[in-house]
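If you want the building blocks of each chain, they are given just below.
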Amino acid sequence: MADSKYMVAVIGGGPAGLYASRKLAEGGARVLILNRDIKPGGLAEYGIYPDKFKMKQGLRNQFRQILALPGIDYFGNVTVCCGGNIVLEDLLESGFQAVLVATGAQGTKWLRLPGENLPGVYHAKNIVYHYNLLPPFGQKKYLIGKRVAIVGAGNVMLDVAHYLVRDLKVDEVIAVVRRGPLEVKFTKKEMELVSKNLDLAALEAEFVRVAPILMAAGQDSNLAKNAFLETIPKGLPPVSDTCFRFEFLASPVRVQGDWMNGVNGLKIEENTLVAADGSVKARGTGNTRQIDADTVIFAIGDTVDKDFCIPTYNDMYLAAPQARFPVSGVSYEAYDPDAQRIVERVFLAGWARQASTGLVGVARRDGENGADAVLHYLGSQPPMRDVENVLEKFESRLEETHQRIVNKSRLAKLEQAEKEQAEKRSLPEFKFPTNDEMFTAMGF
Ligand SMILES: Cc1cc2nc3c(=O)[nH]c(=O)nc-3n(C[C@H](O)[C@H](O)[C@H](O)COP(=O)(O)OP(=O)(O)OC[C@H]3O[C@@H](n4cnc5c(N)ncnc54)[C@H](O)[C@@H]3O)c2cc1C
Ligand SMILES: NC(=O)c1ccc[n+]([C@@H]2O[C@H](COP(=O)([O-])OP(=O)(O)OC[C@H]3O[C@@H](n4cnc5c(N)ncnc54)[C@H](OP(=O)(O)O)[C@@H]3O)[C@@H](O)[C@H]2O)c1
């Protein structure tokens, strides 16, 4: 765009990065998106459950429109930091006046429990990437047995349960929830997808077991039970005999098993509920017991990637406590906690700013607000001359150091090839499962 005044790199082509890019372009910036994955969309492409065709197509249409904007360039298959051929400094030294980091939450939250590394223990993100066919996860073998304990009570737990109940059709799925039934974070709508598989006898017994603890915390156990039961009449007709049950007030303390035979159980500590800061917290009672399981999946949220080139504190990238360009009172400027100073010209948005928080709409708003913060900053800087030349030079240098950069025209070829495959196979959609197949389809 000949009249762009500024040049910004956006790292990450998920919802936060894409919606931020549109806002930045509308604000007069020339934008280059660098994305690790070949395809844009992040977790909208590789996290949202595969059979939500309508939602995924709707988002893909919006992302296509954003990428069609002339002020936005897209380079997929380019990892920044994290072992990639390019680091933040390269971008800042190449003329980009600001960098917006929208890389999502790519790190794993380890609880540092004994047995957490045993074969048969997984983290939900990898399983979700696997069934959504993100290379290389789509091709990896995950040995999932017949009795699977999932730790967590968010929508990701239910997505994984959905996969186990409706696709893998395992014998038993046990959701291990550290607080009580009134503190679960998943939505009724998601529960309806698996509610017909609820083991009603086990659910009843579990409510009898926890009722005194709920009562002592001033909670209504019947109200909690009804919230679960209400999801059954609207439940999706079952396709398996999988028994789905809940263990409330239970925190994992050890994964049982050995390296030869893998997992054989999850040792948990029973919890009670205590009021704290206007909410309810779990407190261990010291009583432990074992839940029989041959697979354990942690669905407890993720963290940011520690290999990225900004410092972390408590597994997070920090935003500056004293923002110079706040948006609605929120800081989007990256902060170095060791040096106690702002990382100049570097901004955060989406799940990179707040890991595992909210739906696509929340990531969109955060991306747009992050873009606003960048635009406020750019407004305090002299406009850049010769944006197009500087960008062109950077892009040709990038092409020298990177193989198979996926630009917008390659992306269009891939989309067309996948559309043709879907039509040929009479499928609602088709994805090439490996990078090599995608490269071939794009004519590399
Ligand atoms: C399993 C699951 C299911 C979900 N289902 C729904 C749903 O049904 N409905 C809903 O509204 N929301 C859903 N969400 C939430 C939604 O996906 C997120 O809110 C949203 O995707 C977060 O956007 P983001 O851009 O911050 O991060 P992400 O979507 O994670 O995007 C990050 C992008 O950064 C790129 N990247 C990472 N590291 C680098 C690097 N070093 N260099 C360059 N690029 C990099 C990645 O390739 C990716 O494209 C779901 C989330 C999960 C985990
Ligand atoms: N279909 C959808 O719309 C969909 C699908 C997937 C994800 N999403 C969204 O994506 C976001 C992330 O989802 P999420 O499920 O990963 O996160 P989440 O909603 O925050 O749930 C995380 C769960 O893990 C538990 N947990 C965290 N740390 C734990 C620990 N150390 N030990 C035991 N349990 C622990 C939490 O318990 P506490 O509550 O006690 O902390 C909570 O139950 C959410 O906003 C979600 O709504 C939406």
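The structure reproduced in this document is the subject of the present report. All residue numbers refer to positions counted from 1 along the written sequence of the respective chain. Written order decides the labels, with chains lettered from A and ligands numbered from 1. The predicted nature of this model means local features are confined to residues of pLDDT at least 70 and side-chain atom pairs, given and counted, to a pLDDT of 80 or more, with totals for whole chains, interfaces and linings taken over all residues. The side-chain quantities take in all heavy atoms of the structure and omit both hydrogens and water.

### Some remarks on the site of ligand 1
Phase 1 of the analysis: Nearness here has a simple test: a residue counts as near a molecule or strand if at least one of its heavy atoms is within 4 Å of that partner. In the vicinity of ligand 1 there are 35 residues, among which N35, D37, L43, V80 and W351 approach most closely.
Phase 2 of the analysis: The contact in question runs from a nitrogen atom of ligand 1 to an N or O atom on the backbone of V80, over 2.9 Å.
Phase 3 of the analysis: What sets the accessible areas is the Shrake-Rupley method with a 1.4 Å probe; for residues, cover comes only from the shown protein chains. Protein chains shield 93% of the accessible area of ligand 1, which is 1000 Å² for the free molecule.
Phase 4 of the analysis: By definition, any uninterrupted DSSP run of H or I lasting at least four residues is a helix, any uninterrupted run of E lasting at least two residues is a strand, and each is numbered from the N terminus. Put simply, the parts of the chain that give the shell around ligand 1 at least two residues each are α1 (15-26), β2 (29-35), α2 (43-46), α6 (155-168) and α10 (360-379).
Phase 5 of the analysis: Per-class residue counts for the shell around ligand 1 are 19 nonpolar, 12 polar and four charged. Polar contact is defined as a pair of N or O atoms within 3.5 Å, subject to the rule that within protein one atom must be able to donate a hydrogen and the other to accept it, and that residues adjacent in sequence are counted only when both atoms are side-chain atoms. Amino acids are sorted into nonpolar (Ala, Val, Leu, Ile, Met, Phe, Trp, Tyr, Cys and Pro), charged (Asp, Glu, Lys and Arg) and polar (every other residue, Gly among them).

### So, the site of ligand 2
Phase 1 of the analysis: What surrounds ligand 2 is a group of 22 residues, the closest being K52, A153, R178, R179 and G358.
Phase 2 of the analysis: Between N155 and ligand 2, the recorded distance is 3.2 Å, taken from a side-chain N or O atom to an oxygen atom.
Phase 3 of the analysis: Between ligand 2 and K185, the relevant distance is 3.3 Å, taken from an oxygen atom to a side-chain nitrogen or oxygen of the residue.
Phase 4 of the analysis: Protein chains shield 81% of the accessible area of ligand 2, which is 910 Å² for the free molecule.
Phase 5 of the analysis: The element best represented in the shell around ligand 2 is α6, accounting for three residues.
Phase 6 of the analysis: Tallied by class, residues from the shell around ligand 2 come to eight nonpolar, seven polar and seven charged.

### With respect to the nonpolar core
Phase 1 of the analysis: We define a nonpolar core as any set of buried Ala, Val, Leu, Ile, Met, Phe, Trp, Tyr and Cys residues linked to one another through side-chain atoms lying within 4.5 Å. Any residue under 20% of the maximum accessible area for its type is buried, any over 50% is exposed, and the rest in between are partly exposed; the area is computed with a 1.4 Å probe on protein chains only. The biggest cluster of nonpolar side chains holds 45 residues, and the ones touching the most others in it are I150, M157, F244 and F246.
Phase 2 of the analysis: Elements that contribute at least two residues to this core include exactly α5 (124-131), β6 (147-151), α6, β7 (172-176), α8 (200-216), α9 (221-229) and β8 (243-247).
Phase 3 of the analysis: Broken down by element, the residue count for this core peaks at seven residues, all from α6.
Phase 4 of the analysis: Contacts are residue-level and defined by heavy atoms, with any inter-residue pair within 4.5 Å sufficient. Dropping the residues within four chain positions of it, I150 is found in contact with M157, V160, A161, L164, V173, I174, A175, V176, I297 and A299.
Phase 5 of the analysis: The next biggest cluster of nonpolar side chains, apart from the first, holds 42 residues, and it includes V8, A20, A373 and Y377.

### Looking at the sheet that holds strand β10 (residues 262-276)
Phase 1 of the analysis: One open sheet holds the three strands; their spatial order is β9-β10-β11, and the pairing between them is antiparallel. The sheet is open, and its two borders are formed by β9 (250-258) and β11 (279-292), each paired with just one other strand. Here the strands of the sheet are splayed against their neighbours by 20° on average, with no regard to which way each runs.
Phase 2 of the analysis: The criterion for strand pairing is that DSSP finds at least two bridges linking the strands in question. By the bridge criterion, eight bridges tie β9 to β10 in an arrangement that is antiparallel. Its bridge partner lying in β10, Q256 is registered against G265.
Phase 3 of the analysis: Axis definition: a line fit to C-alpha positions, over the contact stretch in the case of helices; interaxial angles, taken between N-to-C directions, run 0 to 180 degrees. Along the sheet, α8 makes contact with β10 and β11, crossing β10 at roughly 30°.

### Overview of the sheet that holds strand β3 (residues 72-76)
Phase 1 of the analysis: The strand order β3-β2-β1-β4-β16-β15-β14-β13 describes an open sheet built from eight strands, whose pairing is mixed. Single-partner strands in this sheet number two, and they are β3 and β13 (312-313).
Phase 2 of the analysis: Two elements, β2 and β3, share five bridges in a ladder whose sense is parallel. Bridged to V31 within β3 is I72.

### Overview of the environment of A293
Phase 1 of the analysis: Tracing the backbone through its elements, the reader meets A293 in the loop between β11 and β12 (295-298).
Phase 2 of the analysis: Between the C-alpha atom of A293 and that of V263, which follows or precedes it by 30 residues, the distance is 7.0 Å.
Phase 3 of the analysis: Leaving out residues up to four positions away in the same chain, A293 has contacts with R147, A149, V263, N264 and G265.

### Remarks on unusual backbone geometry
Phase 1 of the analysis: Along the chain, P135 connects to P136 via a cis peptide bond; the corresponding omega equals 0°.
Phase 2 of the analysis: With respect to the element layout, P136 can be found in the loop between α5 and β6.
Phase 3 of the analysis: With phi around 50°, N314 is a residue other than glycine that occupies positive phi space.
Phase 4 of the analysis: We classify N314 as exposed; its relative accessible area is 64%.
Phase 5 of the analysis: Within the chain, R345 stands out as a residue other than glycine whose phi angle is a positive 70°.
Phase 6 of the analysis: Inspection of the secondary structure puts R345 in strand β16 (residues 341-348).
Phase 7 of the analysis: Given the relative accessible area of 26%, R345 is considered partly exposed.

### Regarding the side chain of D159
Phase 1 of the analysis: Inspection of the secondary structure puts D159 in helix α6.
Phase 2 of the analysis: Within the buried core, D159 has no salt-bridge partner, and the shortest N-O distance to an opposite charge, that of K52, equals 5.1 Å.
Phase 3 of the analysis: Setting aside its immediate chain neighbours within four residues, D159 contacts G47, Y49, Y131 and E190. Two residue types count as positive, namely Lys and Arg, and two as negative, namely Asp and Glu; His and chain ends fall outside the count. For this analysis, a salt bridge means a side-chain nitrogen from Lys or Arg found within 4 Å of a carboxyl oxygen belonging to Asp or Glu.

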